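# Structural characterization, general
Here's the letter readout for the chains.
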Amino acid sequence: LAGGAASFGDAVGMVPTAPTPTVRAGEVIAAPYVDREGGPRGFGRILKSGDLTGLGDLVERYVFQAYDRVLLAPPVRHVAPEGERYLAVRLGPVIEDQGQIIIPTGIVEVTRAPRGDYAAIAKVVKAFDEISTEDRLIPIDTVGVGTTIRPVRVVDGPSTTIRWIAGEPVLASVQNFVVLAVSSANGVRMGDEFLIYRPSPDPVDGELRDPDIPIAKVQVVRSTPYGVTAVVLGQEQPAILEGMSARIIARMP
């Protein structure tokens, strides 16, 4: 506006809204991802329940839910100060020639740091799945979360395939996670977008060729040296299956 006049938003007292992150932190933390076979090293453990019965004894439980207290041994070289959070994970299937699926089950927060020979006390603050004493505790990786930079469209990007679908549903849909047969070594980064599609079949002699059929758009939420995990953002056809083709359509700058 000329003359330094206030904008419309200022005039009506509107507060400018911050741009939304390109990738949501919750999806990054909850997403299964591919690691080396055997999973991350130096992990911590949930030792047992930290809740008491009416008689004052610790509850002998092996499965936990949100708000349960647990005793834990932190990951190697971690002092587990109060307020520190760790990701509970379990080992999933091994993908041949790629790595092992790591499945997050929840988040625990330290409420009392370990002291001398005493275990740390923590509280389950988030449960994505069943949390148990068989799970492993690892640091939470949120590198890249929070950026508001948007991916840039690309034309005729390279294609890959879907190797695994989280939960192994009959037909995956919006918000399902899929693992692709590419990795960070291929330059794939958090925020990149892929189009899942059915490739055009070979044409019959003398006939026009059918076009590729778009099925769904997915966004990369984890990219490791062993594989890429993407979340389904939108879907045109109910046909997301393992082995389907996926072509990159937008890259983070």
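Everything below is about the structure printed above this text.
Because the structure is predicted, anything quoted here is derived from the model rather than measured.

## Digging into the overall build of the protein
When you go through the protein residue by residue, the secondary structure sums to 2 helices and 16 strands. The C-alpha atoms of the protein give a radius of gyration of 23 Å, which is well past the 18 Å a tight globule of 253 residues would have. Along the longest, intermediate and shortest principal axes, the C-alpha atoms of the protein span 80 × 65 × 35 Å. Looking at the protein residue by residue over its 253 residues, the buried ones come to 41%. Restricting the contact set of the protein to residue pairs at least 6 apart, pairs at least 24 apart contribute 68%.

## Comments concerning the nonpolar core
Membership of the largest hydrophobic core comes to 20 residues, with the highest contact counts inside it found for Ile162, Val178, Leu180, Phe194, Ile196, Val218 and Ile240. Mapped onto this core, the elements with two or more residues apiece are β11 (159-165), β12 (177-180), β13 (193-198), β14 (213-224), β15 (227-235) and β16 (245-251). The element contributing the most residues to this core is β14, with 4 residues. Every residue in contact with isoleucine 196, bar those within four places of it in the chain, is listed here: Ile162, Ile213, Pro214, Ile215, Ala216, Val218, Ile240, Met244, Ser245 and Ala246.

## A closer look at the packing of aromatic side chains
If you walk through the whole model with that rule in mind, you get 0 aromatic pairs. Against the face of tyrosine 33 rests arginine 222, its NZ or CZ located 4.1 Å from the ring centre. If you follow arginine 247 out to its NZ or CZ, it ends over the ring of tyrosine 197, 4.3 Å from the centre.

## Observations concerning unusual backbone geometry
Its identity is not glycine, yet aspartate 156 carries a phi of approximately 55°, on the positive side. Examined against the element boundaries, aspartate 156 turns out to sit in the loop between β10 (152-153) and β11. On the accessibility criterion, aspartate 156 (73% relative accessible area) is exposed. Positioned with a positive phi, glutamine 175 is a non-glycine residue whose angle comes to about 80°. Secondary-structure assignment places glutamine 175 in the loop between β11 and β12.

## Examining the pairing of strand β5 (residues 85-95)
Here β5 pairs with strand β6 (residues 99-112) via 9 bridges, running antiparallel. Paired with alanine 88 across the bridge in β6 is glycine 106. In textbook terms, the turn of a hairpin is the stretch between consecutive antiparallel strands, and for β5 and β6 this stretch comprises 3 residues, one of which, aspartate 97, has a positive phi near 65°. Bridge analysis of β5 against strand β9 (residues 136-139) gives 4 bridges, and the strand direction is antiparallel. In the strand pairing of β9, leucine 87 is matched with isoleucine 138.

## Examining the pattern of salt bridges
In total, this model carries 8 salt bridges according to the counting rule given. Salt-bridge contacts for arginine 69 lead to aspartate 51; the nearest nitrogen and oxygen are separated by 3.7 Å. Of this pair, arginine 69 sits in strand β4 (residues 69-73) while aspartate 51 sits in the loop between β2 (44-49) and β3 (63-64), placing them 18 residues apart in sequence. Residue arginine 69 is classed as partly exposed on the basis of its relative accessible area, which comes to 44%. In this structure aspartate 51 comes out as buried when scored by relative accessible area, which is 16%. Note that aspartate 212 and arginine 247 form a salt bridge whose closest N and O atoms lie 3.5 Å from each other. With aspartate 212 in the loop between β13 and β14 and arginine 247 in strand β16, this pair connects stretches of sequence that are 35 residues apart. If you follow the salt bridges from partner to partner, you end up with Arg153, Glu193 and Lys217 in one network.

## Focus on the environment of lysine 48
Turning to its location among the elements, lysine 48 is positioned in strand β2. For the pair lysine 48 and threonine 133, spaced 85 residues apart in sequence, the C-alpha separation works out to 6.6 Å.

## Focus on the environment of arginine 247
Residue class for arginine 247 comes out buried when judged on its relative accessible area of 19%. Taking the C-alpha atoms as reference points, arginine 247 and tyrosine 33, separated by 214 residues in sequence, lie 19 Å from one another. Those residues within four positions of arginine 247 in sequence are excluded, and the remaining contacts are Gly157, Pro158, Ser159, Glu193, Phe194, Leu195, Tyr197 and Asp212.

## Describing a nonpolar patch on the surface
On the surface, Val170, Leu171 and Leu241 cluster together into a nonpolar patch covering about 300 Å² of accessible area. Accessibility expressed as a relative area gives 42% for leucine 171, which makes it partly exposed.

## With respect to the pairing of β2
Regular strands place side chains that alternate from one sheet face to the opposite one. By the bridge criterion, 2 bridges tie β2 to β9 in an arrangement that is antiparallel. Bridging across to β9, glycine 44 finds its partner in leucine 137. As paired strands, β2 and β4 are joined by 4 bridges and run antiparallel to one another. When the sheet's bridge partners are listed, arginine 45 is paired in β4 with alanine 73.

What counts as what
The residue numbering used here restarts from 1 in each chain and proceeds along that chain's sequence as written. In keeping with the predicted nature of the model, local features appear solely for residues at pLDDT of at least 70, side-chain atom pairs appear and are counted solely at 80 or more, and the whole-chain, interface and lining totals rest on all residues. The basis for every side-chain value is the complete set of heavy atoms in the structure, and neither hydrogens nor water enter the calculation. Numbered from the N terminus, helices here are DSSP runs of H or I no shorter than four residues, and strands are runs of E no shorter than two. In this setup the radius of gyration rests on C-alpha atoms only. A globule is expected at 2.2 Å times the number of residues raised to 0.38. Residue burial is assigned from relative accessible area. The probe radius is 1.4 Å, only protein chains are included, and a residue is buried under 20% of its type maximum, exposed over 50%, and partly exposed in between. Two residues qualify as a contact provided that any one of their heavy atoms is within 4.5 Å of a heavy atom in the partner residue. By nonpolar core we mean a set of buried residues, namely Ala, Val, Leu, Ile, Met, Phe, Trp, Tyr and Cys, connected to one another through side-chain atoms within 4.5 Å. Ring pairs are drawn from Phe, Tyr and Trp, using the six-membered ring of Trp, whenever the two centres fall within 6.5 Å, and their geometry is named by plane angle: stacked under 30 degrees, edge-to-face over 60, tilted for the rest. Note on geometry: a ring has a charge over it if NZ (lysine) or CZ (arginine) is within 6 Å of the ring centre and within 35 degrees of the ring normal. Here, any two strands with at least 2 DSSP bridges between them count as paired. Basic side-chain nitrogens of Lys or Arg form a salt bridge, by our definition, when they fall within 4 Å of a carboxyl oxygen of Asp or Glu. A patch is a set of surface residues, each over 30% in relative accessible area and not in a salt bridge, joined within 9 Å for like charges and within 5 Å for the nonpolar side chains Val, Leu, Ile, Met, Phe, Trp and Tyr. Where accessible areas are quoted, they stem from the Shrake-Rupley method and a 1.4 Å probe; at the residue level, only the protein chains shown are allowed to cover.

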